[in-house]
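Residue-level listing of the chains:
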Amino acid sequence: MNRWRIGTVCGALILGACGVDGGTSHHEPRVDTLPDGSIVVGNSEQGVWDADPHARWSVVERVRIGRREDEGPELFGMVRSVLVDDLGRMWVVDAQANELRVFDADGRFVRTVGGPGEGPSEFVRVGPAFHGPDGTIWVEDLSLVRWEVFDTAGNRVEGHRSPSMLRGGWRQWTRDGAFLVMEPHPETGEAVLGVYRKADDGGLTSDGRFLELPAEPMAVPLITLEDGISSWEMPVPFSPQPWGAYGPDLDFWLSDGVAEDGRYEIRQLSLESGQALLTIRRRFAPAEMPDSVRAAALESLREEAGDATATPSLTLDIIPRHYPPFDVFHLSTDGTLWVARTFADGRRGFDVFAWDGRYLGRPEAPARLAGMRIQSISATDIHAIDTDEFGVDQVVRLEIRRPAGSTAGLAERPVRR
């Protein structure tokens, strides 16, 4: 069974790097080039910002859209995704309303695009939205199995029936105009990445290639439940789990999520050759989990299990004593990598790496950010979906502040194929 968790990628430049352990100083990484040409960058616990605190970045919330009372475009039903266009406008996909609502960078409502129905510009079950290779915005209807295509002014440009195998699954546009879709191989039935491109009529057509996702590097710790009629599995709370994300150039970023020798590792692989391109390693201090958190996780697990018999038994011993090395990671359009994790002081935040794999450090950021569903990260902003205590979705724009003269992580990286 493939248990990859695939992250939402903003679909632009990514970073990478690799590592052995430690460098010549407390913050300089060790960089090795292996015989196959892949690069390994090993980072210590200390980063660039630890050596130069004045260069540390900070993240500040600037805009929050969403309310739970009254009427109006700021009242969301269920936010499926958020897309940001070249003018900084936020296209919010509301799956309950079957429409997109556009807001400017300051959160002011601009227009509504689409609506419920089966005609042009309408949706029965609106799906994700993507930047097309020509500046358009593609929005999928999961029930009608088609794409509605809009320009950035909200005008419908065209509509296309999706090939049947395109329905569902993870998707990603690459920088050279290929569209990747996880789907069953037409002959073997195995999960693969189908490669599609725009046809003469503007729709999508397969180019005949099927790329394999990297094999799952570990078995996620599972609990088996049986109720006498059926059996099912669930992961052990707070156990390390694999995480993967598409890159922009037919590459794939992945990690098994496990700490080995006091470090975690994230790799960039070529989807065409399967070879490693970059590897990032970073030593870290494990964050001990309070007994109250472990007990709450166990109680939640018991409630979900109900009267079912569990293997192994549901005792506190199965709950890890430390938080996992990290939760998820996100690829930014400026080439930086943001790794969400819980630190030794108990606070949640991010490890940030430059495009070449150097560990920059931990930016100052609201603790709540690490729990948001991040939609995209750029050189200047983070866009995310948050949910308040009443279960109401909100769209958040956060500003990334870099001190004057701080250029760490911003140099252009070479395109890797």
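Details of the structure are given in the entry above.
Visitor: What is the right way to read the overall build of the chain from this model?
Guide: Scanning the chain for helices and strands turns up two helices and 31 strands. For the chain, the proportion of its 417 residues judged to be buried stands at 51%. Taking all contacts inside the chain whose residues are at least 6 apart in sequence as the whole, residues at least 24 apart take part in 51%. Accessible area of the chain: about 18,600 Å², with a carbon and sulfur share of 47%.

Visitor: Any chance you could explain the nonpolar core here in plain terms?
Guide: Side chains of a nonpolar character, in soluble globular proteins, are inclined to be buried together. In this structure, Phe 329, Leu 337, Trp 338, Val 339, Phe 350, Leu 369 and Ile 382 are the most contacted members of the largest nonpolar core, which totals 40 residues. Among the elements that take part in this core, strand E26 (residues 337–342) stands out by supplying four residues, more than any other. Look past the residues within four positions of Leu 369 in its chain and what remains in contact with it is Val 59, Phe 350, Ile 374, Ile 382 and Leu 398. Counting 16 residues, the second largest nonpolar core, distinct from the first, contains Ile 223, Ala 297, Ala 308 and Ile 318.

Visitor: In this structure, what is going on with the sheet that holds strand E23 (residues 276–283)? I would like to understand it.
Guide: Each strand in a sheet pairs with its neighbour through backbone hydrogen bonds, running either in the same direction (parallel) or in the opposite one (antiparallel). Read from one edge of the open sheet, six strands run E1-E2-E23-E22-E21-E20, paired in mixed fashion. Strands at the two margins of the open sheet, each flanked by one partner only, are strand E1 (30–33) and strand E20 (243–246). Strand-to-strand twist of the sheet, defined as the mean angle between neighbouring strand axes without regard to direction, takes the value 15 degrees. Across four bridges, E20 lies against strand E21 (residues 251–255) in antiparallel orientation. Its bridge partner lying in E21, Trp 243 is registered against Ser 255.

Visitor: Would you mind going over the packing of aromatic side chains with me for this structure?
Guide: Each aromatic ring pair is specified by the distance between its two centres and by the angle formed by the two planes. Scanning the model with the defined rule gives 18 aromatic pairs in all. A centroid spacing of 5.7 Å and a plane angle of 75 degrees characterise the contact between Trp 338 and Phe 350, whose relative ring orientation is edge-to-face. Residue Trp 338 is located in strand E26, and its partner Phe 350 is located in strand E27 (residues 348–353); the two are separated by 12 residues in the primary sequence. The burial state of Trp 338 is the same as that of Phe 350; both residues are buried.

What counts as what
- Residues numbered from 1 in each chain as written.
- Predicted model: local features only at pLDDT ≥ 70, side-chain atom pairs only at ≥ 80, totals over all residues.
- Heavy atoms only, no water.
- Helix = DSSP H or I, 4+ residues; strand = E, 2+ residues; numbered from the N terminus.
- Buried < 20%, exposed > 50% of the residue type's maximum accessible area, 1.4 Å probe, protein only.
- Contact = heavy atoms within 4.5 Å.
- Areas by Shrake-Rupley, 256 points an atom, 1.4 Å probe, with all protein chains shown as cover.
- Core = buried A, V, L, I, M, F, W, Y, C linked by side-chain atoms within 4.5 Å.
- Pairing = 2+ DSSP bridges.
- Axes fitted to C-alpha atoms, helices over the stretch in contact; angles between N-to-C directions.
- Phe/Tyr/Trp six-rings, centres within 6.5 Å; stacked < 30°, edge-to-face > 60°.

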